[in-house]
Amino acid sequence: MMALTVKQPWAHLLVHGLKRFEFRRWAMPGRYAGEPIAIHAGVKFDHDAWPAMLQAACDQSLAQQGLLARALQAAPTADDYQARAFVGAVRFGHSIVGRSLARALDLPPDDPPDMFGWPVLSAVAYATPIDYPGKLGLWLPPDAIAQQLARPPAADKAGIAS
């Protein structure tokens, strides 16, 4: 099983089925599409993620009521998430790019994102993370870790909204 290191809180959102796409500057290698990929939570935390998620989720009326500002004050920190460990597994579909990705994200087709979107097909969050330092990009874990990933701790399957 291949592994992909992802910053928190994005790793958490992926394995819990709360993120529809993983975005990269490179395409998902076709041979791994549909295969389980272990999600490794990296050491770095994306501090800009919480405001970005809230901005995307909240409509203008919530912002006007001050709910957005209050939610931003309650932003989770790096201490709220597991780091440097495998936290679950995800099956991605084939990469989507350009206008196809813009359509999938309900964006104007004349200004497509300059990234590849890897659609999440299914996700599983491990009940107990598997500690390991990790690497950048898509990588092959050593045999001892691969054996643990083949029989992960009891897992919670996430429902993926399409």
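Not measured: the values here are computed from a predicted model.

**Points about unusual backbone geometry**
Next, step 1: Along the chain, glutamine 8 connects to proline 9 via a cis peptide bond; the corresponding omega equals 5°.
Next, step 2: Mapped onto the secondary structure, proline 9 falls in the loop between β1 (2-8) and α1 (10-15).
Next, step 3: At arginine 84, a residue that is not glycine, the phi angle is positive and equals roughly 60°.
Next, step 4: Relative to the elements of secondary structure, arginine 84 occurs in the loop between α4 (67-73) and β4 (85-92).

**Some remarks on the packing of aromatic side chains**
Next, step 1: The tally for this structure, following the rule as stated, stands at 7 aromatic pairs.
Next, step 2: On the numbers, 4.9 Å between centres and 75° between planes, the contact of tryptophan 26 with tryptophan 118 is edge-to-face. Of this pair, tryptophan 26 sits in the loop between β2 (21-24) and β3 (36-45) while tryptophan 118 sits in strand β6 (residues 116-131), placing them 92 residues apart in sequence.
Next, step 3: Judged by relative accessible area, which is 31%, tryptophan 26 ranks as partly exposed.
Next, step 4: Residue tryptophan 118 is classed as buried on the basis of its relative accessible area of 0%.
Next, step 5: Between phenylalanine 45 and tyrosine 81, the aromatic rings sit 5.8 Å apart at their centres with planes inclined by 35°, giving tilted as the arrangement. Within this pair, whereas phenylalanine 45 is found in strand β3, its partner tyrosine 81 is found in the loop between α4 and β4, the two being separated by 36 residues in sequence. Each member of the pair, phenylalanine 45 together with tyrosine 81, is buried.
Next, step 6: One aromatic cluster is present, formed by Trp26, Phe92 and Trp118 through successive ring pairs.

**Some details on the environment of isoleucine 130**
Next, step 1: Summarising the element assignment, isoleucine 130 is placed in strand β6.
Next, step 2: A relative accessible area of 6% places isoleucine 130 in the buried class.
Next, step 3: Along the sequence, isoleucine 130 and leucine 149 sit 19 residues apart, while their C-alpha atoms lie 8.2 Å from each other.

**Some thoughts on the nonpolar core**
Next, step 1: Judged by nonpolar contacts, the single largest core of 18 residues is most densely connected at Leu4, Leu14, Ile39, Val90 and Phe92.
Next, step 2: Of all elements in the fold, only β1, α1, β3, β4 and β6 reach the threshold of two or more residues within this core.
Next, step 3: Here this core takes 4 residues from β6, the largest share from any one element.
Next, step 4: Apart from residues lying up to four places away in sequence, isoleucine 39 is in contact with Leu4, Val6, Ala11, Leu14, Val15, Ala85, Phe86, Val87, Gly88, Ala89, Val90 and Phe92.
Next, step 5: One finds Ala3, Phe86, Ile130 and Ile145 within the second-largest nonpolar core, a separate group that totals 9 residues.

Cut-offs used in this document
Residues numbered from 1 in each chain as written. Predicted model: local features only at pLDDT ≥ 70, side-chain atom pairs only at ≥ 80, totals over all residues. Heavy atoms only, no water. Helix = DSSP H or I, 4+ residues; strand = E, 2+ residues; numbered from the N terminus. Phe/Tyr/Trp six-rings, centres within 6.5 Å; stacked < 30°, edge-to-face > 60°. Buried < 20%, exposed > 50% of the residue type's maximum accessible area, 1.4 Å probe, protein only. Core = buried A, V, L, I, M, F, W, Y, C linked by side-chain atoms within 4.5 Å. Contact = heavy atoms within 4.5 Å.

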